[in-house]
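Chain and residue survey
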Amino acid sequence: MRRRKPLPEAPAGSGRLLDARLHILDRQLLDFDDTPVGIVDDLLLEDLADDGRGPRVLAILTGQVLATRIFGGKPPVSRLQKLPWRLVRSVGIVVRVDADTDGGTGSLDNLWVERWLRDHVIAHIPGRRHAAH
Amino acid sequence: MSKLFAVALGVLTAIGGFLDIGDLVTNAVVGSRFGMALAWVIPVGVLGICLFANMAGRVAAVSGRATFEIIRERLGPRMAAANLGASFFINLMTVTAELGGVALALRLATDAGPLMWVPVAAFAVWLVIWRVGFTVMENATGLLGLSLIVFVISVFLLQPDWTQLANQAMAPAIPESESGATYWYYAIALFGAAMTPYEVFFFSSGAVEEHWTVEDLGTSRLNVLVGFPLGGLLSLAIAACAATVLLPAQIEVTSLSEIALPVLAAGGKLALAFLIIGVVAATFGAALETTLSSGYTLAQFFGWAWGKFRRPMAAARFHVVMLVVLVACASALCTGVDPIAVTEYSVVFSAIALPLTYLPILIVANDPGYMGERVNGAVLNAAAMVYLVVILLAAAAAIPLMIVTGAGQ
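Structure report, in brief. Note that the coordinates shown come from a computational prediction; the quantities given were computed from them, not determined experimentally. (Residues numbered from 1 in each chain as written. Chains lettered and ligands numbered in written order. Predicted model: local features only at pLDDT ≥ 70, side-chain atom pairs only at ≥ 80, totals over all residues. Heavy atoms only, no water.)

Points about the overall build of chain B
Helices and strands together make up the secondary structure of chain B, namely 16 helices and zero strands. In summary, chain B has a C-alpha radius of gyration of 20 Å against a globular reference of 22 Å for 409 residues, a match within 12%. Burial statistics for chain B: of 409 residues in total, 60% are counted as buried. Put simply, of all contacts in chain B between residues at least 6 apart along the chain, 85% involve residues at least 24 apart. Roughly 15000 Å² of accessible area belongs to chain B as shown, and the carbon and sulfur atoms make up 71% of that amount. Across chain B, 16 positive and 22 negative side-chain charges occur, with their mean positions spaced 13 Å apart. (Helix = DSSP H or I, 4+ residues; strand = E, 2+ residues; numbered from the N terminus. Rg over C-alpha atoms; globule rule 2.2 N^0.38 Å. Buried < 20%, exposed > 50% of the residue type's maximum accessible area, 1.4 Å probe, protein only. Contact = heavy atoms within 4.5 Å. Areas by Shrake-Rupley, 256 points an atom, 1.4 Å probe, with all protein chains shown as cover. Lys, Arg positive; Asp, Glu negative; His and termini not counted. Charge placed at Lys NZ, Arg CZ, Asp CG, Glu CD.)

If you want it as structure tokens, here you go:
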């Protein structure tokens, strides 16, 4: 373990203090209708400003990037779906976003496998439209 | 009245659903080789699974998070992926073993070769997962699994030497034909059979499937705390049957017919009929649970949509994974691997992988961020820590013992 400089004091404010690693990274992303739309794989930060405010979070990044998350390195931008921070509705045990997935599969790039399997495999099996009861 | 009915139904399903091919085979093997000298492991395992399932169910009901979502969030992608690899592999072994169990039981009933029954069993499992609701599925297999009470009845019909059985259980001694290493190897196998990780994946995901809330916790705790120990009694009865009939005759358990032998001797064809119904229900139910668990673990780790409560169209990856798993496991059986051998390995590997899932659940059950006021109490944590040590010891000893004993030979 490298010895690190102690972190600066947390800014005193009225808001909630979130640790990006502890409270945001790897959490489940849910759309407004409770459809899972991925997990928080990374955060896109604004370039560090010199005004002492520290960087701001611009967007949540999600995608099929398990390999680079395990073995390091940087995936091409096209592998990551960007969800601008203004779409985030709440951060709790899950992160709720307004991603507009249209009943589960809409237009997010990171859900293309789900859409492809739905249209090319599941769509050919009878009884696919109703939940089992 | 309806509440009482719900509790009774829950307890009965927990008893009937407790046993799977791992418990059936391991208890019979142990009974036929060691008598009741390993009976003490069963209460240890049952108490452990009560503790573990109860904790995982509470975490799922309070936080809405199932086991592998928690593993990902707490361990990070690297450790969680290693964990997923191990858990998924063991789960595949268990699916194979359970499908093989269904086929072996149907073969006892029909004389048609087991290979003929494998595709039928796999297709039936898929059909139930695709079309039958979660609660109906659980209750039907659990209630039919209650036929395995025939093992308890058989013990009484066999009129064993009760004092001898009690002596074997109370003052365990390793039989002369066995070594100390095989004794401990089978102790770990029995422990793994009682505390299979898939039971916990399934239990916590089931809590989400059935939309449990904090109000349901009392009922679920009762189901577990009453149902599982009674299920453990069935395990003891299987071992006692084997100890009474197979041990003196030195019959080795190599297939389901040896497990059925004491029951046939005790109660004739009628008892055998109940046994076959019970084994089919228990292994079929467990095949459903393990197949679903393979979908649950993968989907939860990657953050996909999952669950039988969703339309298959809205959980495409989840359903495709289960389809592929069933085809792969059925194909593996069709190559002629021995389901009993797969079962014996799967219970030991279960014990090896147990710490990987136990520890994250224990950590989150103590995390107020997830659990609010419903974190573990002091007594529960003390018991959970004792079990953490037991689980770690069993996992650490399993592989050396497997090598030394040649997997229990």
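Overview of the interface of chain B and chain A
With 34 residues of chain B at the contact, the number on the chain A side is 34 residues. Roughly 3000 Å² is buried in total at the junction of chain B and chain A, and carbon and sulfur atoms are behind 60% of that figure. At the surface where chain B touches chain A, the tally comes to one salt bridge. With its nearest N and O atoms 2.7 Å apart, the salt bridge here joins Arg317(B) to Glu114(A). The interface formed by chain B and chain A holds nine residue pairs in polar contact (both at pLDDT 80 or more) in total. (Buried area = accessible area lost by both parts, 1.4 Å probe. Salt bridge = Lys/Arg side-chain N within 4 Å of Asp/Glu carboxyl O. Polar contact = N/O pair within 3.5 Å; in protein donor to acceptor, adjacent residues only side chain to side chain.)

Describing helix H11 (residues 217-249) of chain B
Helix length check: H11(B), at 33 residues, gives a terminal C-alpha distance of 47 Å against a target of 48 Å (1.5 Å per residue), a fit within 8%. Ala243(B) marks the point of greatest bend in H11(B), at about 40 degrees. (Expected span 1.5 Å × (residues − 1). Bend = angle between axes of the 7 residues up to and from the residue.)

So, the packing of aromatic side chains
Residue and element names in this part refer to chain B. All told, the structure shown has 19 aromatic pairs over all chains when counted by the stated rule. Relative to Tyr183, the ring of Phe34 has its centre 5.9 Å away and its plane inclined at 75 degrees; by these criteria the two rings are edge-to-face. Of this pair, Phe34 sits in helix H2 (residues 21-34) while Tyr183 sits in helix H9 (residues 180-194), and the two are 149 residues apart along the sequence. We classify Phe34 as buried; its relative accessible area is 2%. Between Phe52 and Tyr358, the aromatic rings sit 5.0 Å apart at their centres with planes inclined by 70 degrees, giving edge-to-face as the arrangement. Within this pair, whereas Phe52 is found in helix H3 (residues 41-63), its partner Tyr358 is found in helix H14 (residues 339-364), the two being separated by 306 residues in sequence. You can call Phe52 buried: its relative accessible area is 1%. Ring pairing ties together the aromatic residues Phe34, Trp40, Tyr183, Trp184, Tyr185 and Tyr186, which thus form one cluster. (Phe/Tyr/Trp six-rings, centres within 6.5 Å; stacked < 30°, edge-to-face > 60°.)

Section: unusual backbone geometry
If you check the backbone angles, Asp26(A) has positive phi at about 70 degrees while not being a glycine. Along the chain, Asp26(A) turns up in the loop between helix H1 (20-24) and strand E1 (28-30). In this model, Gln250(B) sits at a positive phi of 55 degrees, which is unusual for a non-glycine residue. Mapped onto the secondary structure, Gln250(B) falls in the loop between H11 and helix H12 (256-302).

Observations regarding H2(B)
All names here are of chain B. Under the 1.5 Å per step criterion, the end-to-end length of H2 is 19 Å for 14 residues, consistent within 8% with the ideal 20 Å. Burial within H2 is extensive, with 14 of its 14 residues counted as buried. Its side-chain oxygen 3.1 Å from the backbone nitrogen of Gly22, Asp20 forms the N-cap of H2. Downstream of H2 by one or two residues, Gly35 has phi in the positive range, about 65 degrees.

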